[in-house]
Amino acid sequence: MNDRRIMAALLTEHGRTFANESGIRLRDTPQPLYQLMVLSHLLSARIRGSVAVAAAQALFAQDMRSPRHMLESTWQRRVDALGEGGYRRYDEKTATQLADGAELLLEEYGGDLRRLRRSADGDLDALRSGLRRTPGMGPAGADIFLREAQAVWPETAPYLDRKALQGAEKLGLPTSPEKLTELAEQARPSGHHGPAVLAAALVRAALDKDIVADLRARA
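The structure presented is a predicted model; accordingly, all values stated were derived computationally and were not measured.

Novice: Would you mind going over the overall build of the protein with me for this structure?
Specialist: When helices and strands are tallied, the protein shows 14 helices and zero strands. For the protein, buried positions account for 50% of its 219 residues. Partitioning the intrachain contacts of the protein with sequence separation of at least 6 by distance along the chain shows that 65% fall at a separation of at least 24. Put simply, the protein shows about 10500 Å² of open surface, and 44% of that area lies on carbon and sulfur atoms. Charge separation in the protein, taken as the distance between the mean sites of 31 positive and 29 negative side-chain charges, equals 3 Å.

Dropping the structure here:
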């Protein structure tokens, strides 16, 4: 299996964004962008991705889908929702950070992350810095957010961070964002929808040795 076939198989079998997995219908509007920020925060902890996704789903099911609703929820309600998703190791600290982050977002940007985007004016470093001001959103959280947000913020694409490139390296694929994007375009599997899907598929390979073993065994 050559590079193009590996890429096609990767995208076909594992090309699903984490936002999609969490049930977020990502659009360039305030609520889904906020939900993506919450998911990115949860995914950035040293915990299984499936647990972070389940915790995000539990928070959203409890109507904590906007910064206002997150801030108005009680600390215990946030802890309980996180626990329902299995996010128990970090539940108390994260419950506090989610409220603090919602308050900051409301105060600084009126609850609308598009204002951060506009203030960054295409400067990725400024965008990262703005995201990292949110409690609990360190470098990993900012990278996760931008990997997914490039689906609706095209000026950030291709956003393939160190974790995505690690997946490419494990698969024996090129480790340049430009070459990977070109390879994905050449592979053109059914259902491939751009760099956010590519980034998510590569990250899944970086996190799951079975994906790498399976694809390389078929190479």
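Picking up where we left off.
Novice: How should the packing of aromatic side chains be read in this particular structure?
Specialist: Within a pair of aromatic rings, the relevant descriptors are the distance that separates the centres and the angle that separates the planes. Summed over all chains, the structure comprises two aromatic pairs. With centroids separated by 5.7 Å and ring planes inclined at 65 degrees, the aromatic side chains of Phe145 and Trp153 adopt a geometry described as edge-to-face. Classification of Phe145 by relative accessible area gives buried; the value is 0%. The ring centre of Phe18 lies 4.1 Å from the NZ or CZ of Arg204, which sits over that ring.

Novice: Before we go on, may I ask you to explain the nonpolar core in this structure?
Specialist: The nonpolar side chains of a soluble globular protein tend to be buried with one another. Ranked by size, the top nonpolar core spans 70 residues in total, and within it Met7, Phe145 and Leu202 carry the most contacts. Residues contacting Leu202, with those up to four places away along its chain left out, are Leu10, Leu160, Lys163, Ala164, Gly167, Ala168, Leu171, Leu173 and Leu180.

Novice: Looking at this model, I keep getting lost on the environment of Ala9. Mind explaining?
Specialist: In this fold, Ala9 is placed in helix H1 (residues 3-14). Taking the C-alpha atoms as reference points, Ala9 and Arg218, separated by 209 residues in sequence, lie 9.8 Å from one another. If sequence neighbours within four positions are ignored, Ala9 has contacts with His14, Leu215 and Arg218.

Novice: Can you help me understand the environment of Ala213 in this one?
Specialist: For Ala213, the position within the fold is in helix H14 (residues 209-217). Under the relative-accessibility criterion, Ala213 is labelled partly exposed at 45%. Spatially, the C-alpha atoms of Ala213 and His69 are 43 Å apart, while their sequence positions differ by 144 residues.

Novice: Explain the environment of Lys209 to me, please; I cannot follow it from the model alone.
Specialist: On the secondary structure map, Lys209 appears in helix H14. For the pair formed by Lys209 and Gly83, sequence separation is 126 residues and the distance between their alpha carbons is 27 Å.

Novice: What is the right way to read the pattern of salt bridges from this model?
Specialist: Pairing between side chains becomes possible if they bear opposite charge and their charged atoms approach one another. Counting across every chain of the model gives eight salt bridges. As a salt-bridge pair, Arg114 and Asp112 come within 2.9 Å of each other at their nearest N and O atoms. Among the residues examined, Asp112 registers a relative accessible area of 9% and is labelled buried. In this structure, the salt-bridge partner of Glu155 is Arg117, at a minimum N-O distance of 2.7 Å. Of the two residues, Glu155 sits in the loop between helix H10 (139-149) and helix H11 (162-171) while Arg117 sits in helix H8 (residues 113-120), which places them 38 residues apart along the sequence. Members of the salt-bridge network, linked through shared partners, are Asp28, Arg117 and Glu155.

Procedures and definitions
- Throughout, residues of each chain are indexed from 1 in the direction in which the sequence is written.
- In keeping with the predicted nature of the model, local features appear solely for residues at pLDDT of at least 70, side-chain atom pairs appear and are counted solely at 80 or more, and the whole-chain, interface and lining totals rest on all residues.
- By convention in this description, side-chain values take in all heavy atoms of the structure and omit both hydrogens and water.
- Every helix listed is a DSSP run of H or I at least four residues long, and every strand listed is a run of E at least two residues long, numbered separately from the N terminus.
- Only protein chains enter the accessibility calculation, which uses a 1.4 Å probe. A residue is then buried if its area is under 20% of the maximum for its type, exposed if over 50%, and partly exposed in between.
- Any two residues whose heavy atoms approach within 4.5 Å at even a single point are treated as in contact.
- Per-residue accessibility takes into account occlusion by the displayed protein chains alone, with areas from the Shrake-Rupley method and a 1.4 Å probe.
- Neither His nor the chain termini are counted; the positive set is Lys and Arg, and the negative set is Asp and Glu.
- Where a charge sits is defined by one atom per residue type, namely NZ (Lys), CZ (Arg), CG (Asp) or CD (Glu).
- A pair of aromatic rings is counted whenever rings of Phe, Tyr or Trp (Trp by its six-membered ring) have centres within 6.5 Å, and the orientation is called stacked for planes under 30 degrees apart, edge-to-face for over 60 and tilted otherwise.
- In our convention, an over-ring charge means Lys NZ or Arg CZ found within 6 Å of a ring centre and within 35 degrees of that ring's normal.
- Only buried Ala, Val, Leu, Ile, Met, Phe, Trp, Tyr and Cys residues count toward a nonpolar core, and they belong to the same one when joined by side-chain atoms within 4.5 Å.
- In what follows, salt bridge is the name for a side-chain nitrogen of Lys or Arg lying within 4 Å of a carboxyl oxygen of Asp or Glu.

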